[in-house]
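Listed here are the chains, written in short residue letters.
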Amino acid sequence: MSGLFPILRNPPVEPSWSITPEVVGIEITGRCQLSCRHCFNSSGPDNVAELPLAVLERIFDQAASWGVRSVRLSGGEPTIHRDFRAVVDACAGCGLGIALNTHGVYSRDILEYLKTAAIDQFLVSVDGLEENNDAIRGHGLFRRAVDSCRELHAAGRPVMMSCHLGECNAADASGLIRLAAEIGVDVKFSPIRPIGRAIRKLPGVMIRPETYLTVVERIARLRSVHSATKILIDFDILDDAVPDGACQRASQMSSCKAGRTMININYDGGVYPCPFFVTPEQEFSAGNVQRDDLLDVWRNSPVFAPFRKHRKSELCQDCSHYRRSCAGGCPAIAYFATGYLDGHDPTCFWAAMETGRNAV
């Protein structure tokens, strides 16, 4: 980054951030058996970078000392870390809960282990119904991931399907909700980010606001039909009775948690505001846990300053949902689409919704 605020369009405001991170995400490995066409960090079979167990143990100790309640373990595919079971034991041994981001494609041995492992939530990637999921993730992988969801749920484990939406699979949202309800698991939808492999392998994949609006309208209707299923989505601004955690209903939140209360550690040790700001150029790398003190990086790295001092676009300021049920969208999408951290998230459908209402 060439200057302190080169990525802000609007004048900086008073900083807003936590003295210690409250949300910690760790990509423990870059390896993955898959090479999904939309992968934001381009992980795959040839990516051998991996955080050593000793480094992870130090991070867990620090996180616990800050009062962090749980960490998110991801990758790559975290279950193929060479010390995965020891990583889970070390994290749980520090009193930390574990949310596991995973592709759900396991050997029988790993699946049986996961049924009793000290993991509090499984977020299993299922990116559409069978045809669209397999076009993105690989042939036959929809059924394997869904079967894993079934078995984990049957073993009493909390499971949430995690679907990233683009123009290519948005029409599958209703079907995925019905599938999740049938299995007995929850489901979360987020837009595909225009970073990593997605910009090379899925051109034109970004979901259009009009499409996004249609999906959210369907979800608002389906919540009453499948009331036992938690259905989460970004930009959840149409339904006042959304489930707990579906949106950020905190008046003090003027943007997402990235760099303010949330920190992400990449599989090579790089420290970032969130996983979606990891780029080949590493312009958002604030330090490295393999050589730097994590708390010192959090408190003193200039990389975090723009995240803590930016305000959202005028379109957000004029929106009745902003700071009530919406924190202004994803700053990573805004940045990679507009070049500005405080730019308007182009997946926001508020303008499309208002235009439609005015035409009635």
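Here is what the cut-offs are and how they apply
- Residues numbered from 1 in each chain as written.
- Predicted model: local features only at pLDDT ≥ 70, side-chain atom pairs only at ≥ 80, totals over all residues.
- Heavy atoms only, no water.
- Buried < 20%, exposed > 50% of the residue type's maximum accessible area, 1.4 Å probe, protein only.
- Helix = DSSP H or I, 4+ residues; strand = E, 2+ residues; numbered from the N terminus.
- Pairing = 2+ DSSP bridges.
- Right-handed = clockwise from strand over helix to strand, strands pointing away.
- Arc of directions from axis to C-beta.
- Contact = heavy atoms within 4.5 Å.
- Phe/Tyr/Trp six-rings, centres within 6.5 Å; stacked < 30°, edge-to-face > 60°.
- Salt bridge = Lys/Arg side-chain N within 4 Å of Asp/Glu carboxyl O.

### Here's the deal with the pairing of strand 3 (residues 97-102)
- Of all six residues that make up strand 3, five are buried, and the element is covered over most of its length.
- Sheet analysis places strand 2 (residues 70-74) next to strand 3, joined by four bridges and oriented parallel. Pairing of Leu 73 across the sheet is with Leu 100, part of strand 3.
- Chirality of the crossover, the property in question, places the unit of strand 2, helix 2 (residues 84-93) and strand 3 among those that are right-handed.
- Direction of pairing for strand 3 relative to strand 4 (residues 121-125): parallel, over a ladder of four bridges. Within strand 4, the position partnered with Asn 101 by the bridge is Leu 123.
- Taken together, strand 3, helix 3 (residues 108-114) and strand 4 constitute a β-α-β crossover, and its handedness is right-handed.

### Comments concerning helix 4 (residues 130-137)
- Taken residue by residue, helix 4 has Asn 133, Asp 134, Ile 136 and Arg 137 as its buried positions. On an axial view of helix 4, the arc spanned by its buried residues comes to 160°, and they lie on one face.
- Looking at the buried residues of helix 4, the elements they touch are strand 4 and helix 5 (141-154).

### With respect to the environment of Val 289
- By the secondary structure assignment, Val 289 is in the loop between strand 10 (287-288) and helix 9 (294-300).
- Residue Val 289 is classed as buried on the basis of its relative accessible area of 4%.
- As a C-alpha pair, Val 289 and Leu 56 span 233 residues in sequence and 9.4 Å in three-dimensional space.
- Look past the residues within four positions of Val 289 in its chain and what remains in contact with it is Leu 51, Val 55, Arg 58, Ile 59, Ile 265, Gly 269, Val 271 and Leu 294.

### Let's talk about the packing of aromatic side chains
- Scanning the model with the defined rule gives 14 aromatic pairs in all.
- Aromatic side chains Phe 40 and Phe 276 sit 5.0 Å apart centroid to centroid with 65° between the ring planes, which places their arrangement in the edge-to-face category. Note that Phe 40 is positioned in the loop between strand 1 (23-27) and helix 1 (53-65) and Phe 276 in the loop between strand 9 (270-272) and strand 10, a separation of 236 residues in sequence.
- You can call Phe 276 buried: its relative accessible area is 15%.
- Measuring from centroid to centroid gives 5.0 Å for Phe 277 and Phe 307, while their planes differ by 90°, and the two rings are edge-to-face. Placement of Phe 277 in the loop between strand 9 and strand 10 and of Phe 307 in helix 10 (residues 305-309) is noted, with a sequence separation of 30 residues between them. An identical accessibility class is assigned to Phe 277 and Phe 307; each is buried.
- Aromatic ring contacts, followed pair by pair, group Phe 277, Phe 284, Phe 307, Tyr 335 and Phe 336 into a single cluster.

### Some thoughts on the pattern of salt bridges
- The full count for this structure, using the stated rule, is 16 salt bridges.
- Among the ionic pairs, Glu 50 bridges to Arg 31, the shortest N-O distance being 3.7 Å. Placement of Glu 50 in the loop between strand 1 and helix 1 and of Arg 31 in the loop between strand 1 and helix 1 is noted, with a sequence separation of 19 residues between them.
- A salt bridge links Asp 127 to Arg 137; the nearest nitrogen and oxygen atoms lie 2.6 Å apart. Of this pair, Asp 127 sits in the loop between strand 4 and helix 4 while Arg 137 sits in helix 4, and the two are 10 residues apart along the sequence. A single burial state applies to Asp 127 and to Arg 137, both of which are buried.
- Through salt bridges with shared partners, a single ionic network connects Arg 108, Glu 112, Lys 115 and Glu 151.

### Description of unusual backbone geometry
- Here the amide bond leading from Gly 75 into Gly 76 is cis, since omega sits at 20°, within 30 degrees of zero.
- Mapped onto the fold, Gly 76 is located in the loop between strand 2 and helix 2.
- Within the chain, Gln 282 stands out as a residue other than glycine whose phi angle is a positive 60°.
- Position of Gln 282 relative to the elements: it lies in the loop between strand 9 and strand 10.

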